[in-house]
Amino acid sequence: MRIESVVGIQAVRLAVTVGAIVIAPVLLVAGTPLRRRMLRRYYREDGPGLVSKEDGWVSPRYFVVTNAVVRALCWPSDYVLRRLRPA
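Attention here is on the structure that accompanies the text. (Residues numbered from 1 in each chain as written. Predicted model: local features only at pLDDT ≥ 70, side-chain atom pairs only at ≥ 80, totals over all residues. Heavy atoms only, no water.)

For the protein, the helix and strand inventory stands at 4 helices and 2 strands. Counting from the amino terminus, helix and strand elements in the protein follow one another as α-α-β-β-α-α. Its C-alpha atoms give the protein principal-axis dimensions of roughly 45 × 30 × 15 Å. Relative to its 87 residues, the protein shows a buried fraction of 26%. Here the analysis covers contacts within the protein between residues at least 6 apart in sequence; of these, 65% occur between residues at least 24 apart. A total accessible area of about 6300 Å² is found for the protein, and carbon and sulfur atoms account for 64% of it. When the 14 basic and 6 acidic side-chain charges of the protein are each reduced to a single mean position, those positions are 13 Å apart. (Helix = DSSP H or I, 4+ residues; strand = E, 2+ residues; numbered from the N terminus. Buried < 20%, exposed > 50% of the residue type's maximum accessible area, 1.4 Å probe, protein only. Contact = heavy atoms within 4.5 Å. Areas by Shrake-Rupley, 256 points an atom, 1.4 Å probe, with all protein chains shown as cover. Lys, Arg positive; Asp, Glu negative; His and termini not counted. Charge placed at Lys NZ, Arg CZ, Asp CG, Glu CD.)

Written out as structure tokens, the structure reads:
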């Protein structure tokens, strides 16, 4: 997605937030493992990348990774996983 289109970026942000609310039950139960797997995939060295400043584009996945609603809905499963793992 090109960075010049501000309307498109706002539409993607809204779509990610609405999508997160729709799939909230899944994120509450299994959100943390899914989010961690996605973060590992895109932030590794040979990963596809989320932002290309040189080319002037942003991947829609960037908005999923940085969305506060997605992060908040993944928090309960993260808490449960931490409690279940031995210290």
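So that's the structure; there's more coming.
Attention now goes to helix H1 (residues 6–22). Here H1 spans 24 Å end to end across 17 residues, near enough to the 24 Å set by a 1.5 Å rise per residue. Within the span of H1, buried status applies to Ile9, Val12, Val16 and Ala20. Buried residues along H1 cover an arc of 65° about the axis, so they all sit on one side. Relative to its buried face, H1 has exposed residues pointing more than 90 degrees away, namely Val7, Leu14, Ile21 and Val22. The inward-facing, buried residues of H1 contact helix H2 (24–43), helix H3 (60–66) and helix H4 (68–84). (Expected span 1.5 Å × (residues − 1). Arc of directions from axis to C-beta.)

Position of Gly31 among the secondary structure elements: in helix H2. The spacing of Gly31 and Ser59 is 28 residues in sequence and 20 Å in space, taken between C-alpha atoms. Dropping the residues within four chain positions of it, Gly31 is found in contact with Val26, Cys74 and Ser77.

The next thing to look at is the environment of Val65. Checked against the element boundaries, Val65 lands in helix H3. For Val65, a relative accessible area of 6% corresponds to the buried category.

Here the structure, examined in full by the defined rule, presents 1 aromatic pair. Ring centres of Tyr62 and Phe63 lie 5.5 Å apart, and the angle between their planes is 75°; on these two criteria the pair is classed as edge-to-face. Relative accessible area serves as the criterion here: at 5%, Phe63 is assigned to the buried category. (Phe/Tyr/Trp six-rings, centres within 6.5 Å; stacked < 30°, edge-to-face > 60°.)

Right, let's get into the side chain of Asn67. On the secondary structure map, Asn67 appears in the loop between H3 and H4. Within the local environment of Asn67, its side chain forms a polar contact with the side chain of Thr17, the two groups lying 3.2 Å apart. Ignoring sequence-local partners within four residues, the contact set of Asn67 consists of Arg13, Val16 and Thr17. (Polar contact = N/O pair within 3.5 Å; in protein donor to acceptor, adjacent residues only side chain to side chain.)

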